[in-house]
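Residue-level structure breakdown
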Amino acid sequence: MESLSTLLGESIQCKIGKTHLLDISDLDELTPAFSDTVNMSAVYLKQTGDINVGVLYYMPERDGRRFAAKLLGKKTLGSFTKLSRSSLSETGNILSGSFFNALANEQDCKTFSDVPGFAVDTFRSVLEFPAMEIGIESQSLIATTAEFYSTSGLKMRMLIILDPANAKKLLERH
């Protein structure tokens, strides 16, 4: 929250959601109600190594453009540019860095980051790739959500996903 607050120059609040164990065919359980009517802008990051974990940051496309405009010091952003996509991807890198560093430092996990991916599409479409990549072997996922709110009304959601075997490894290290 501190990193996001610093990037945006405003106060941030966070709400942690429930943790779900679900079959890979039940991805609709993770789909927010509002997402059927709007495209999402999303950044996906993956750590591999001792523990494989994926983090998906997403928000409605309009909010993604507002978020990117704020990061770039602009009032508005008509459409995503290479620079605005990069700013959101790097924000995902920064925000995930503390989570991934905690895995490395507190859980003694050796992990490596993949290059972040950026997409604008339906929520289901942006979720399918990370869900399949993480849960393909076990055909199941453990997922938890967090929502971040800024004082100016920007909202961003985060979804952390891992397969049950990696969750078990993480718990055994704790």
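All values reported here derive from a predicted model rather than from experimental measurement.

1. Quick look at the nonpolar core
One broad rule of soluble globular proteins: the nonpolar side chains tend to lie buried together. If you look at the biggest cluster of nonpolar residues, it comprises 29 residues, and the most contacted ones within it are Leu4, Tyr57, Phe67, Phe148, Met156 and Met158. Broken down by secondary-structure element, the contributors of at least two residues to this core are helix H1 (2-8), strand E2 (40-49), strand E3 (53-60), helix H2 (61-71), helix H3 (82-106), strand E6 (140-150) and strand E7 (155-162). Look past the residues within four positions of Leu4 in its chain and what remains in contact with it is Ile12, Phe67, Thr91, Leu95, Phe148 and Met156.

2. Section: the environment of His20
Within the fold, His20 resides in strand E1 (residues 12-23). Its relative accessible area of 27% is what places His20 among the partly exposed residues. Taking the C-alpha atoms as reference, His20 lies 18 Å from Ile51; in sequence the two are 31 residues apart. If we ignore the near neighbours within four places in the chain, the residues touching His20 are Leu30, Leu141, Ile142 and Ala143.

3. Quick look at the confidence of the model for the protein chain
Chain-level statistics for the protein chain give a pLDDT mean of 88 and a share of 97% at 70 or above. Within the protein chain, H1 has the poorest average pLDDT of any element, 82, and strand E5 (residues 117-121) the best, 94.

4. Considering H3
Side chains three or four residues apart in an α-helix point the same way, a direct result of the helix having 3.6 residues per turn. For H3, spanning 25 residues, the distance from its first C-alpha to its last is 35 Å, which sits close to the expected 36 Å at 1.5 Å a residue. Of all the bends in H3, the largest measures some 35° and sits at Gly97. Listed as buried for H3 are Ser84, Ser87, Leu88, Ser89, Thr91, Gly92, Leu95, Ser96, Gly97, Phe100 and Leu103. Of the residues trailing H3, Asp108 is marked for its positive phi of about 55°.

5. Digging into the pairing of E7
Buried residues dominate E7, accounting for seven of its eight residues. Linkage of E6 to E7, two consecutive antiparallel strands, is achieved through a turn of four residues, within which Gly153 is found at a positive phi near 95°.

What counts, and where the lines are drawn
- Within each chain, residues carry numbers counting from 1 in the order of the written sequence.
- Local features in this predicted model are restricted to residues whose pLDDT is 70 or higher, and side-chain atom pairs enter the listing and the counts only when it is 80 or higher, whereas totals over whole chains, interfaces and linings include all residues.
- Processing note: side-chain calculations cover all non-hydrogen atoms of the structure and skip hydrogens and water entirely.
- Here the nonpolar core consists of buried residues drawn from Ala, Val, Leu, Ile, Met, Phe, Trp, Tyr and Cys, with membership extended through side-chain atoms lying within 4.5 Å.
- Burial classification: accessible surface area is computed with a 1.4 Å probe over protein chains only, and a residue below 20% of its type maximum counts as buried, one above 50% as exposed, and the rest as partly exposed.
- Numbered from the N terminus, helices here are DSSP runs of H or I no shorter than four residues, and strands are runs of E no shorter than two.
- Residues are treated as being in contact if the distance between any of their heavy atoms lies within 4.5 Å.
- pLDDT runs from 0 to 100 and stands for how confident the predictor is about each residue.
- Expected span of a helix: the number of residues minus one, times 1.5 Å.
- Across the chain, bend at a residue is computed as the angle between axes fitted to the seven residues ending at that point and the seven starting from it.
- For two strands to pair, DSSP has to find at least two bridges joining them.

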